[in-house]
Every structure is written in structure tokens, then in C-alpha cells.
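Chain by chain, the residues run as shown.
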Amino acid sequence: MNLVKHERIVDGADVDVFTMVVLRRRFEGIIREMINALFKSGRSGVLNTAMDFSCSLTDAKFRSISLSQGLPVHVGAIDLIPRAVAAKFGGDILPGDCFANNSPYMGNTHCADLTLCVPVFVEGEIAFYTIARAHLGDMGFPSPTTYAPHSFDVYEEGLMLPCVRIQKDNRDVSEVIDICKANIRVPEQFYGDYLAVLAAVRTGEARLTALCQKYGFPKIKSFLDAFQDYAERMAVTAIGKLPKGRLTKEMMYDSETDLYPEGIPIRATIDVDPAEGYVTVDLRDNVDNLPLGINMTESTTLASCMTAVLNILGPDVPRCTGSFKRVKVLMREGAAVGKPRFPAATSAATTNLCHALIPHLQSIFADMEAGLGTAYGSIGMPGSCPVISGVDPRHGGKNFVNQIIMGYWGGPAMHGHDGWLTYGSGGSQGLLLQSSVEVVEQQQPIIVEKLEIRPDSGGAGEWEGAPGARCVIRPRFAPVRFMINSASRKYPPQGVRGGLPGACMNIRRIKENGDAEDLPITTDVVLSPGEKILSEGCGGGGYGSPIRRDPVLVLASVRAGRISPERAREIYGVVVRDEEEQWILDAKATEILRAKRPGENA
Amino acid sequence: MTYQIAVDVGGTFTDLVLREPTGRTRSFKSPSTPGQIVEGILNGVSLISEKLGIERREFLEQCSKFSCGTTVATNAILEGTYARTGLITTEGFRDTLLIREGGKADADAINIAMDYPAPYIPRHLTLGVRERVNSDGGIELMLDEAHVVEVLQRMKQLEVEAIAVALLWSIANPSHELRIGELIEEHAPNIPYSLSHRTSPTLREYRRTSATAIDASLKPLVTRAVSELERRLREEGLKGLLTLVTSSGGQTLSSEVMERPINLCLSGPSAAPEAARNMFYIEGETSCDAIVVDMGGTSFDISIIHDWKIPMHREGIIAGHIFGVPSVEVKTIGSGGGSIARVDAGGFIHVGPESARSIPGPACYGRGGVRATVTDANLVRGFLDPANFAGGTMTLSVENAEGAIQQDVGSFLSLSAKEAASLIGLAVEQDMVAAIEEITIRRGIDPREYVMVVGGAAAGLHAVAIARELGMKKVFVPPIAGVLSAYGISVSSMKSGFSRSLATATDNFNYERVNATLEALEKDGLAYLDRMNIPEGSRVLQYSTEARYRGQVWQLSLALEKGRINNGDELAKVLESFHDLHDKLYFVRSNDPVEFTEWSVMAIGEMSSGRPYFGGDDQDGADAPEKPSRQVHMRELGGECEIPVYDGTRLKPGVLIKGPALIDQPLTTIVLYPSTVATLTSNGGVWVEIQQQ
């Protein structure tokens with residue numbers, strides 16, 4: 001331990017190190033209570049099976065306090081929500097109000113995320129905002145999905161709640177609820193979800209009020225300042241250990257527009273200034289807004305940058321405004337990776353380009369110095385994560401629409417660790433729950449025929465990218481509509497520092513006669529009973545040359561059927577032999593084979 | 001045949017509780033003998049017989065019941081020493097144990113530098129068979145028996161010692177699993193096996209598969225260990241009943257455990273709340289709402305009692321693997337005396353999860369530990385008597401502790417060693433508060449209405465501070481605090497749970513099949529109570545069901561008042577109780593139909609054994625038996641100050657002790673802060689009242 005001795009966290013009697021410990025835990029506890037109030041109570045599949053929601057709070061200066069318990073893409077720029085409330089309503093904000101927002105132009109992530117925000121009054125002034133955000137199964141889209149990569153503009157993205165008052169005096173503004181119900185296919189499910197999200201923000205409000213009573217508002221205010229200073233010091237220290245440098249990198253993202261037939265470039269420049277303690281991410285040199293729903297929003301662009309850089313800085317650095325101050329993001333209004341210019345479509349702003357941008361930024365750190373950063377992880381959602389809809393004959397032909405989350409895998413490798421299997425994407429980073437096959441089949445009239453590791457799909461490397469899933473789904477009784485928002489078809493997640501890319505993502509329709517046809521990246525297809533969807537998820541990219549991977553680990557993967565013996569030999573330079581029905585390592589042959597590839601062993 | 005013994009085998013100590021013919025109850029501690037559990041137990045028995053002044057054999061011959069909590073299952077899972085086990089799944093689903101359910105623990109949420117955990121059974125020992133049942137129990141694909149036989153040959157080639165069978169939807173139609181069971185007996189007759197619909201007949205393939213894999217993997221080991229224990233005890237003279245404590249906190253005969261070893265998961269800690277509940281009876285309390293905390297050297301266990309009931313759950317986890325059978329909800333965090341403190345680069349203190357364990361141990365042990373731990377902090381802030389630690393078996397070094405704390409914490413924060421010690425104490429207490437909040441919030445419980453019950457050597461040092469932070473008004477330190485689980489074992493009932501799956505809903509309720517299922521469960525329960533020789537008057541059957549609103553996917557366990565649902569009125573009552581439960585936990589109720597997925601019964605045989613008493617040989621006592629006062633560091637008193645110390649063993653019942661003060665007991669010290677008052681009861685328990693501001 002080579003820590004530098006420094007002075008106490010705060011001078012003065014108000015907030016000492018003791019109070020810091022207590023109040024930090026209290027705030028974390030309040031967020032935990034908000035999460036609990038929401039959990040298990042929501043109705044749509046993404047809410048109550050995958051935990052696709054986040055709870056958060058900021059102070060009156062819009063400073064977030066603890067974001068470690070939320071989905072990175074949800075909470076990385078949560079302050080935009082109360083800022084929108086203050087900008088729009090100014091002095092007209094009263095106790096008992098609650099504001100609803102799903103507008104990508106008012107600081108929200110994308111239109112399928114319903115975000116509620118409650119101002120918390122202490123001693124007559126706004127002291128905090130509590131915020132809860134949930135991805136709903138249906139938010140009034142023209143088609144039964146929550147992502148529409150083909151939307152031309154915002155008018156094709158359905159219902160908009162541009163930061164509106166949804167509760168006054170703690171009672172619903174019924175007109176707003178009525179508009180929502182009139183636009184949403186499953187109005188009862190929506191209202192149940194709304195109540196769950198509301199329970200979270202109101203719970204937070206009650207607990208924060210009690211906290212200020214117990215400790216005194218002045219002490220809480222001093223704590224809030226002190227905590228941001230602490231988080232900033234942690235960030236400065238961590239940045240101080242990074243190498244100084246500036247690097248620009250471009251990657252390609254699978255295109256679905258004639259404007260970019262070869263692919264959509266994503267460009268970023270990262271400038272690390274360890275002496276001053278700043279990391280600057282420059283995204284201005286990106287393409288203009290696309291006539292597609294994949295444009296990023298201000299919220300998801302900022303959150304992606306914070307997530308990626310803080311991933312590099314490590315888990316000890318608190319995720320809050322204080323540390324985020326040390327990450328400067330330069331973006332351009334009207335850029336696809338940046339801030340959208342009205343009326344660009346953004347319904348897929350939390351997924352496609354966002355999935356690409358986070359590991360792209362992390363990979364730049366890997367290029368800067370050995371041991372740093374990560375490879376690329378899964379980009380786009382595999383066919384095993386469709387939004388499915390139709391009627392369920394088991395419940396009298398009732399409509400259903402839900403997203404299921406299966407085989408959302410393919411984590412990127414990093415120095416010292418293979419990719420995390422149930423990673424999903426950089427926006428959720430392993431936090432989403434994966435649906436149970438039995439629950440999926442009970443809730444929807446479909447059969448899952450297979451859900452297993454797709455062999456040889458993880459990017460090879462000294463540390464290996466996590467594999468993708470091979471999954472087969474079929475309708476059980478009646479036609480089912482599958483809407484899939486994938487990517488990684490032509491440009492799979494890349495490796496770094498000699499690591500190889502993961503396998504590409506594929507989606508196939510298997511007809512009753514066994515014929516297969518490829519389905520496009522953005523799929524909207526109705527399958528009849530007898531037909532199947534075959535989904536092959538991409539793997540994460542590898543880190544470092546595969547020739548450096550421990551042969552014992554390669555052998556274990558062959559034994560487990562995760563990689564083929566051919567791949568072991570050709571890619572990893574590891575020779576395994578089948579002896580008495582058991583794979584064993586041929587150490588000598590491996591040594592000889594690897595000696596022929598000295599250049600890769602650097 | 002008059003003595004009863006209860007034993008809880010821990011990593012460091014084997015705790016024993018003796019119930020004498022008179023009802024007098026005494027506790028003992030004896031060092032454990034790692035790797036030779038039976039020796040440790042017999043050493044403990046010898047200790048007792050010496051105290052009683054009779055031969056060990058004679059003593060054992062006079063024991064009517066010998067009850068045992070054992071970590072054999074828990075440790076095998078933690079250490080990976082379970083049998084080499086093969087897993088048979090539905091073809092296409094070999095990775096169920098690898099995928100688990102996704103998500104990450106709170107503490108790991110923002111850490112990307114982690115290895116993905118390995119599955120409980122490696123993939124090369126997991127084989128799929130061609131078959132498929134659907135969610136209604138219909139057969140989509142007939143079981144390919146020739147394929148099963150091939151798979152079994154492969155399993156033998158792989159030299160597996162046990163086989164787990166977990167097929168999709170076996171809970172809706174078990175015929176394929178049953179047939180595979182028959183084929184195992186035919187083609188691999190000596191390999192023990194478990195079938196998922198029997199081990200844990202619950203929805204969600206991961207949970208069921210994990211439970212089944214664990215159950216099968218423990219069979220060889222548990223059979224060996226339990227047979228050995230039984231053989232040795234019988235050799236040494238035991239003639240009475242031998243029972244083991246299960247996950248449900250009850251006891252059952254050793255023969256039952258060998259059939260379903262998964263029920264031994266968390267055997268031991270599962271009995272702690274039973275101890276607290278029993279003490280509430282004895283103390284004459286009219287209500288019982290308690291948070292039970294047990295803190296030793298390496299962990300802090302929390303359990304709940306709500307209105308005399310001990311909540312059960314099915315989400316018990318050991319080493320990341322869910323074991324799924326109904327178990328007492330015990331939340332464990334890695335905060336203990338050995339937890340190590342550190343200061344981060346921004347000047348914030350963290351305590352744990354790293355632990356100095358017992359070797360090298362805290363710096364003050366003088367066994368080579370140099371890092372500052374919670375025990376060091378408690379010593380430096382004056383809460384522990386260096387000359388009288390662990391019942392006087394150990395002398396602690398204040399100098400070592402101060403040095404470590406100064407170096408690891410004080411120097412970075414410009415605090416004195418004593419101030420830094422207080423900060424470490426506060427930080428670990430905040431972690432405990434957070435853990436208690438989590439378990440109570442999840443149950444919709446307000447801790448302020450609850451009493452904190454304390455067990456374990458370290459808990460008395462922190463309990464009052466934690467309770468105060470949580471807004472609780474009372475802390476109870478029972479006379480058997482040092483052996484809480486062993487005492488719980490001694491007073492627990494005979495207990496075993498049975499479950500069957502059956503899906504139905506309030507809008508199309510299938511009375512016939514539900515009642516047939518409940519009747520079958522009743523038979524299961526009664527047959528068990530028959531096997532346990534429980535007399536008619538001592539039998540209790542508690543029914544429950546797993547229920548949820550349509551559209552939800554997580555079930556809640558709902559208690560049923562009786563074992564049948566005969567008509568619409570009775571169903572309406574069940575529905576109302578579900579609304580209440582959901583409202584309490586999640587603040588909302590719904591008009592949607594309620595779906596039921598699974599039905600269970602807990603068969604309980606109450607073991608009446610009369611009222612115990614805890615008196616020592618010397619029942620007198622002094623009003624306020626003071627020991628030399630100690631210099632402590634308490635921020636509430638402005639820092640360092642001298643406070644009185646009382647000898648807990650010589651206190652007179654009913655006398656009030658006002659905080660700030662310390663009460664030294666043989667195995668723990670109770671720290672009383674200002675604005676608290678402690679009283680000793682005639683049973684030897686200590687009640688602390690906290691005046692909340």
C-alpha cells in the first residue's frame with residue numbers, strides 16, 4: 001500500500017469521517033429500498049423477470065450520489081431528468097408533484113423507458129429529486145416492440161411524455177394516465193408498471209424526508225458537498241495512475257442504411273491527462289443523425305462515456321457527479337453518436353450504437369497500454385431476446401407483448417479475466433437477469449427447444465471472450481410475431497492486443513420442411529406453428545494473443561465442448577488427443593506447434 | 001434415559017447444550033477437531049461427563065436424545081469436496097447450471113474484473129437426453145430410452161459417483177424422470193441418484209437443477225459421515241434417538257437425512273431463531289417479533305422472527321449455488337472480528353470483505369497478523385479486556401492492535417489509534433445495519449417494532465450500537481448467547497417439508513385436483529410423523545402455497561389456514577390473504593386473478609420437554625458487582641473516558657445498570673451506550689432498553 005497521507009475529508013464540526021460513513025450507507029440504503037419497492041411488483045416481462053429498471057436520486061444541484069446499483073446506461077446521466085423538470089417548471093414545482101418523462105429530447109434515454117421524478121421538499125425548499133426508470137414491455141409504439149431501428153423520425157416512435165406532471169398533490173393527473181392507456185396495447189399492464197415505478201419514487205421521498213429530520217438538513221448538505229469532493233479525489237487518484245496519451249480509433253457498426261453501405265463508422269478520441277486528472281472523450285467526429293432509430297440520445301451518450309471510463313478507473317471510485325466531473329465529453333448536436341437533433345429517431349438509443357460505443361472506448365485504453373481496457377462485448381440483441389407478441393389461446397386469446405431475455409451473453413475479455421458469460425451488453429454489464437425457460441414457456445405460448453453455449457463463438461485470446469448462445473424457439477399453438485433488434489452480423493465484437501473477434505450474430509428462420517433462411521439484422525417476422533427461429537448470439541472479443549493462453553484452460557474448454565479440438569490446434573496452438581474417450585493434452589506437440597508462431601507470443 | 005444433548009459443530013468450537021433431568025440447561029464449548037468431526041463431538045461429551053462426574057459411556061447410555069447440527073453438507077459445497085456427480089438434462093439445455101439466472105450481487109455490480117463462476121457440475125459431466133415435456137405436462141417428444149442407456153454408459157465411463165436428473169417441466173409431468181430413475185437402477189445399480197421433481201418440485205429450471213445436483217452430490221459423503229457418527233456414538237454407549245438439524249431449523253432422524261442430504265444445507269445456523277423464540281417463551285414475553293443476530297470471528301448471521309413465526313424461503317445459497325429447499329431465511333455477511341479495515345485513496349474507510357480469519361488472525365492475537373481488524377478495534381477502544389478474552393483462554397496484545405490500527409487507518413486520516421478504532425467499529429456496524437435493512441425491507445418489516453436478540457462472542461460488542469442506528473428500542477442477550485444455535489437445536493421440533501407442484505388459478509380453480517394434492521401432502525406428512533413416532537397430540541401440519549398475480553413471474557409463499565379449499569368462500573379467504581401479503585411487501589394489490597404453482601406441507605412433531613432453567617450453582621448475586629473500570633473511546637462521551645464494568649456472572653436479577661457501562665460475561669461483553677439501561681432477568685438473560693432520541 002503506497003497511499004499518500006492526506007488531511008481529513010472535511011474540516012469543521014459538521015461532517016467528519018464518522019458522519020461520512022453513516023450517511024453514505026444511509027443514502028445507499030434509501031436507493032435499495034426504492035429498488036425493492038419496484039421489484040417483483042411490475043408486470044411486464046422486462047421489468048419483473050430481467051430487472052430492467054433503475055432507481056436513483058440527486059440533490060437540489062442535480063448531483064447524483066450513488067449510481068452503483070443501477071443499470072449503467074440508465075443512470076449514467078440521470079441528472080438530465082431533474083434538470084428537465086427544473087427547466088420546464090421552474091418555480092411551479094410543489095410538494096406532491098410527480099413528473100413523467102420518456103422524451104429523448106428532454107434528457108430521457110429512449111422512449112420505452114418510463115422515467116418518474118419526484119421533487120423532495122425539506123424545510124420548504126427542494127432538497128432532492130428521486131428518480132425511477134423502467135423499461136416497459138409496451139410504451140405505445142406503432143408496432144408491438146420497444147425498439148424500432150427502422151424508425152425514420154420521432155413521429156414514428158409513438159407516445160411521447162415530454163416531462164409532464166403525472167401526479168399533483170399525490171394524486172394521479174387522470175388525463176395523462178388516460179392518454180397513456182389509450183396509446184398502449186396492454187393498458188392494465190402499463191398501469192401496474194406505473195404504480196410500481198411510482199412506489200419507488202414515493203418511497204425514496206419518504207425516506208429522504210425522514211433522513212433530513214434525523215440528521216438535520218445542514219449536516220446532510222455538508223455531507224453532499226463532502227461526498228462529491230471525495231468521489232472526485234478518488235477519480236483524480238485513479239486517473240493519475242493511467243498512462244498519459246491521446247488516441248483516436250474508429251470501428252464499424254453494421255449498417256441498415258444506403259447512406260453507409262459498408263457500415264457506420266463510430267469514432268472516438270480519448271485524451272488522458274494523468275497530471276491534471278482528466279479523461280476527455282471526444283465524439284464530435286461522428287456521422288450525422290441517421291434516418292434510423294439507433295441514434296443515441298444525450299443521456300445514453302453521456303452514460304456510455306461515464307460507464308466506459310469508470311470501468312477503467314475501477315470499482316472503488318464512486319459512481320456519482322463528483323467522479324463524473326473528471327470525465328469530459330465532447331459531443332455534437334446532430335451526430336448519431338452524440339446529441340440528437342430534432343426530430344431524429346432514437347427508440348434504439350440504449351442498445352445498438354450504445355452497445356458498440358462502451359466497449360469501443362474501453363478498447364482504446366487497451367490499445368494505450370498492455371493490461372488496460374477490454375475487448376469488445378456483444379453488440380445488438382440476439383434473436384433469443386425478441387419482443388414477442390400475439391394472442392395466447394390458453395388465456396382465451398388474450399393479447400400478449402413482452403420482451404424475453406435469454407442467451408444475452410458474450411462478455412469482452414480483459415487482462416486477467418475471460419469474458420463474463422451473462423454480460424448482455426455494455427449498457428447492462430451483466431446486471432440483467434436471464435429469463436427462466438420454464439417461466440418463458442408458462443407466460444408465452446412458445447417452446448424453447450435449445451439454449452446452450454454456441455461452440456467456438458467466444459473470441460480467442462490469452463483471455464477469451466465469453467461465448468454466445470445457440471437458441472431455438474417456436475410458436476406452440478398460433479402465429480407469434482418476433483421483433484428482434486440485432487447487430488454484429490458483418491462486424492462482430494473485436495479482440496484487442498492480438499485477441500480475435502467473437503463469432504458473428506445470426507438469426508435464421510427454419511421452415512416446416514427444414515429449409516432455413518437468414519433473417520435481417522432488424523427482424524419483424526410472424527412465425528406459424530411448425531416454424532422455428534434459430535438464434536446464434538455473438539461472442540465477446542479476446543484479449544491478448546491466443547498463443548499465450550494457458551494450454552490447461554484450452555484443454556478444459558475442449559473437454560467441456562466449448563471449443564473444438566481443431567480450434568485448439570489452429571487458433572491456440574494447443575494439441576489435444578482423444579485417449580480412452582477422454583481428451584488429454586499433448587504438451588510436447590503443443591510446445592513444438594507454438595514455437596512455430598513466435599511472433600504472436602510477444 | 002434422561003439427559004438430552006444438542007451439539008453444533010462449528011469451524012473453531014463445538015458448542016454443546018445439556019438438558020438435565022431436572023430441566024436445568026447448561027452450555028459448554030469444546031475446540032473442534034477439523035477433519036474429525038466425531039472426535040470433536042466426543043471430546044465435548046467427555047467434557048460434560050467430567051462436569052457431571054460420571055463416565056462418558058454411562059452418561060451416553062442415559063441420553064434419551066442426541067441432536068446434532070453439522071456443517072458436513074455446507075462445507076462440502078463451500079470447499080468443492082462433494083462427489084464427482086453426473087447431471088442428466090433435457091437435450092439442448094446442458095448449460096442451465098452455468099447460466100444460473102444472470103444478474104450480479106450488489107457488491108460486484110460495478111466490478112468488471114471478475115471471473116465468471118464455474119457451474120456446480122462441470123459441463124463435461126453434464127449430458128442431455130432426447131425428450132421434452134411442455135408446460136402443461138404434455139409430451140412434446142417421447143423419452144428416447146436407448147439414448148438414456150447410452151448416456152448412462154458414458155456416465156459410468158466418466159466414473160461418476162452420483163447422478164442428478166433434472167428435466168424441463170418434470171414438475172408438470174414426472175414420467176420421464178421416473179423412467180430414467182428406473183434405468184439408472186437397472187444399468188448403474190450402485191450409483192445413488194436424485195430426481196428433480198422429488199428433490200425440489202419447483203418452477204424455474206435453474207433452481208430445481210441446482211438443488212438436485214447438490215442433493216445427488218452430497219449423497220455418498222453424507223451417508224458416510226452420518227453412518228460414521230451414528231456408529232461411533234452407538235459404540236460409545238448412546239441408546240437414545242440420534243437426530244440431525246435441517247435447513248428448516250427442525251430435527252429429523254438420521255436415516256431421513258441420508259435420503260435427502262440437501263436438507264442438511266445450513267444445518268446449525270438454521271436453529272438460531274428457534275433459540276430466540278424459545279427464550280421469549282421462557283421470559284414470559286407476550287409477543288415475539290425479533291431480529292436475531294449471531295456474530296463470530298468470520299461472519300454475521302441474521303434471521304427473523306415475526307409474530308412467533310420464523311420465515312422460511314427457498315432462495316438459500318451456499319457459495320453462489322442455490323439449494324432451493326425450504327429453509328430458515330438466514331442472511332450471512334462476511335463481517336466478523338477478523339474483518340480487515342483499510343482506507344481508500346480518497347480517505348474513506350472500508351471494513352472487509354477481506355478477513356484475517358483465525359490464522360493469522362487479528363494483530364492483537366500475536367499470531368503473525370499485522371492488519372487492523374474489528375477485534376483489534378474493539379480492544380483498542382477499550383471494549384475488550386485483554387486479559388480475559390474467549391473465557392480467559394487468550395491474552396490479547398493492545399500494543400499490536402494499536403500499531404496495526406495506527407498504521408492502516410489512523411495515519412491516513414490524522415486520527416489517534418483510539419479514534420480510528422471507533423471509526424472501524426462504526427464502519428462495520430454500518431455494514432451490519434445495511435444487511436439487516438436488506439432482509440427486513442424484503443420482508444416488509446419495520447425493525448423499529450422488533451427486538452434484537454444477540455448470539456455469538458462478538459455480537460454483544462456491536463448489538464446496542466446497531467439496534468440504536470436502526471431505531472430499535474430493545475436488545476436481548478439470552479443466557480445461552482454464546483451457544484445460540486446449539487440451544488436452538490436442543491429445543492427445536494421434529495420437522496420435515498413436502499411439496500408438490502400443481503398449477504391453477506382463482507378464475508378457473510380446480511378444487512378436485514387441489515384437494516387431491518393437499519390430501520397427498522397430508523399423507524406424506526403423517527407418514528413422516530409416523531416414522532418419527534410422534535404421538536397424536538403433538539402433531540402439526542402447516543400448509544402453504546406458492547402464489548402470484550397473473551402476469552407476474554415471482555411467486556410468494558402464502559400460508560394456508562387449513563389443508564383443504566372446499567368452496568368459493570374458502571378460496572375467497574385465500575385470495576384475500578394473498579392481497580394482504582402482496583400489499584404488505586410491495587404496497588400494491590391488484591384485481592388480477594391469482595395463480596398457484598406449488599403446494600407444500602410442513603410436518604411438525606412438537607417435542608415437549610418441560611420448562612428449562614438456567615440457574616448456576618450459586619443463585620445469589622450482587623447488586624452491582626463492579627470490576628475495575630475501563631478506559632474506553634466513545635464518541636457519544638466526547639472521546640476517551642472511564643466507564644464502569646460489571647461482572648455479568650455475579651449480577652443480581654432485576655437490578656438496573658445504566659449506560660455507559662460494560663457488562664462482562666464469560667463469552668461476550670455487552671457494550672452499553674449512554675441513554676441505555678440493562679436489566680438481568682432471573683433466567684440470566686440481559687435486556688437492554690434504548691431511549692431513542
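The rules behind the values
- Position numbers for residues count from 1 along each chain, tracking the sequence in the order it is written.
- Lettering of chains starts at A and numbering of ligands starts at 1, both following the order in which they are written.
- This being a predicted model, a pLDDT of at least 70 is required before a residue's local features are given, and a value of 80 or more before pairs of side-chain atoms are given or counted; all residues contribute to the totals for chains, interfaces and linings.
- Based on all heavy atoms of the structure, the side-chain values leave hydrogens and waters out of the count.
- What makes two residues a contact is simply this: any of their non-hydrogen atoms within 4.5 Å.
- Accessible area, probed at 1.4 Å, shrinks when two parts are joined; the buried area is that loss added up over both.
- The salt bridge criterion pairs a side-chain nitrogen of Lys or Arg with a carboxyl oxygen of Asp or Glu, the two atoms within 4 Å.
- In short, DSSP must find at least two bridges between two strands for them to pair.
- To qualify as a helix, a DSSP run of H or I must reach at least 4 residues; to qualify as a strand, a run of E must reach at least 2; elements of each kind are numbered from the N terminus.
- Only the stretch in contact is used when a helix axis is fitted, and all axes are lines through C-alpha atoms; the angle between N-to-C directions ranges over 0 to 180 degrees.
- The quantity called pLDDT is the predictor's confidence in a given residue, expressed from 0 to 100.
- As used in this structure description, the phrase polar contact means that two N or O atoms lie within 3.5 Å; if the pair is within protein, one of them must be able to donate a hydrogen and the other to accept it, and residues adjacent in sequence are counted only when both atoms belong to side chains.
- Here the aromatic set is Phe, Tyr and Trp, taking the six-membered ring for Trp, and pairing holds for ring centres within 6.5 Å; pairs whose planes are under 30 degrees apart are stacked, those over 60 apart are edge-to-face, and all others are tilted.
- Partly exposed residues are those whose accessible area sits between 20% and 50% of the maximum for their type, while under 20% is buried and over 50% is exposed, using a 1.4 Å probe and protein chains only.
- What counts as a disulfide here is a pair of cysteine sulfur atoms lying within 2.5 Å.
- Multiplying 1.5 Å by the residue count of a helix minus one yields the expected span of that helix.

(A) Spotlight on the interface of chain B and chain A. Of the residues lining the interface, 84 residues belong to chain B; the matching set on chain A comes to 80 residues. Together chain B and chain A conceal approximately 7900 Å² of surface at their shared face, both sides included; 56% is due to carbon and sulfur atoms. Of all residues in chain B, Ile110, Ile112 and Phe348 of chain B give up the largest surface area on contact with chain A, accounting jointly for 10% of the area buried on that side. The interface formed by chain B and chain A holds 13 salt bridges in total. When the shortest N-O distance is used, the salt bridge between Glu437 of chain B and Arg26 of chain A registers 2.7 Å.

(B) Structural context of the sheet that holds strand S22 (residues 451-455) of chain B. Residue and element names in this part refer to chain B. In spatial order, the strands read S19-S14-S13-S22-S23-S34-S33-S30; together these 8 strands make up an open sheet with mixed pairing. This sheet does not close on itself; its edge strands, each paired only once, are strand S19 (331-333) and strand S30 (656-658). Taking each pair of neighbouring strands and ignoring which way they run, the sheet shows an average axis angle of 20°. As defined by bridge partners, S30 adjoins strand S33 (residues 676-680) across 3 bridges and the pair is classed as antiparallel. Note that in S33 the partner of Lys658 across the bridge is Val677. The sheet strands contacting helix H13 (residues 417-442) are strand S13 (290-295), strand S14 (300-305), S19 and S22, and the helix crosses S14 at an angle near 35°. Sheet strands in contact with helix H15 (residues 484-491) are S13 and S22, and its direction is about 125° off that of S13.

(C) Focus on the sheet that holds strand S19 (residues 532-536) of chain A. Residue and element names in this part refer to chain A. As summarised here, the arrangement of the 5 strands in space is S13-S14-S19-S16-S17, forming an open sheet in which the pairing is antiparallel. Since the sheet does not close on itself, it has two edges, and those belong to strand S13 (446-453) and strand S17 (516-518), each with one partner. The average angle at which neighbouring strand axes cross in this sheet is 20°, direction not considered. The pairing of strand S16 (residues 506-510) with S19 spans 5 bridges and is classified as antiparallel. Bridged to Asn506 within S19 is Glu536.

(D) Main features of the confidence of the model for chain A. Mean pLDDT over chain A works out to 93, with 96% of the residues at or above the 70 mark. A low-confidence stretch, residues 1-13 of chain A stays under pLDDT 50, and its non-local contacts, those more than four residues away or across chains, total 27 contacts.

(E) Looking closely at the side chain of His417 of chain A. By secondary structure assignment, the location of His417 of chain A is in the loop between strand S12 (398-403) and helix H11 (437-443). There is a polar contact of 2.9 Å between the side chain of His417 of chain A and the side chain of Asp115 of chain B. With residues near it in sequence (within four places) discarded, His417 of chain A still touches Trp463 of chain A together with Ala113, Met114 and Asp115 of chain B.

(F) Local environment of the packing of aromatic side chains. Taken as a whole and assessed by the stated rule, the structure comprises 25 aromatic pairs over all chains. Measuring from centroid to centroid gives 5.0 Å for Tyr105 of chain A and Phe342 of chain A, while their planes differ by 70°, and the two rings are edge-to-face. Here Phe342 of chain A lies in the loop between strand S10 (327-330) and helix H10 (352-368) and Tyr105 of chain A lies in the loop between strand S2 (98-101) and strand S3 (113-122), a separation of 237 residues in the sequence. Consider the rings of Tyr281 of chain B and Trp308 of chain B, whose centres lie 4.5 Å apart with planes at 25°: the pair is stacked. Taken as a pair, Tyr281 of chain B in helix H10 (residues 272-282) and Trp308 of chain B in the loop between S14 and strand S15 (312-313) lie far apart in primary sequence, 27 residues in all. Exposure remark for Tyr281 of chain B: the relative accessible area of 54% places this residue in the exposed category. With a relative accessible area of 17%, Trp308 of chain B lands in the buried category. Cluster of aromatic residues (ring-pair linked, three or more members): Phe27, Phe128, Phe223, Phe227 and Tyr230 of chain A together with Phe348 of chain B.

(G) Focus on the state of the cysteines. For the coordinates displayed, the defined rule picks out 0 disulfides over all chains. Note on Cys320 of chain A: no disulfide assigned, nearest cysteine sulfur contributed by Cys305 of chain A at a separation of 17 Å.

(H) Summary view of helix H1 (residues 17-38) of chain A. Residue and element names in this part refer to chain A. Its 22 residues place the ends of H1 32 Å apart at the C-alpha level, agreeing with the 32 Å of an ideal helix rising 1.5 Å per residue. When you tally the buried positions in H1, you get 22 out of 22 residues, the bulk of the element. At the N-terminal end of H1, a side-chain oxygen is found 3.1 Å from the backbone nitrogen of Phe18, two or three residues along, and the residue is Asp16.

(I) Main features of helix H16 (residues 511-531) of chain B. Residues and elements named next belong to chain B. For H16, built from 21 residues, the straight-helix expectation of 30 Å at 1.5 Å per residue is met to within 8% by its first-to-last C-alpha distance of 30 Å. Those residues of H16 that fall on the buried side of the exposure criterion are Val514, Asn515, Thr517, Leu518, Ala520, Leu521, Gly525, Tyr528 and Leu529. The inward-facing, buried residues of H16 abut strand S12 (251-253), helix H9 (254-259), strand S24 (494-505), strand S25 (539-549), strand S26 (556-560) and strand S27 (594-605). Asn533 sits one or two positions beyond H16 and adopts a positive phi of about 60°.

(J) Main features of the environment of Asn263 of chain B. Residues and elements named next belong to chain B. With respect to the helices, strands and loops of the structure, Asn263 is situated in the loop between H9 and H10. Here Asn263 falls in the buried class, since its relative accessible area comes to 16%. Separated by 155 residues in the primary sequence, Asn263 and Asp108 place their C-alpha atoms 29 Å from one another. Setting aside residues no more than four positions away along its own chain, Asn263 makes contact with Val245, Thr246, Ser247 and Val325.

(K) Structural view of the environment of Met160 of chain A. Looking at the secondary structure, you find Met160 of chain A in the loop between strand S4 (125-135) and strand S5 (164-168). Non-local contacts of Met160 of chain A, meaning those with residues more than four positions away in its chain, are made with Asn102, Ser103, Pro104, Cys111 and Val154 of chain A.

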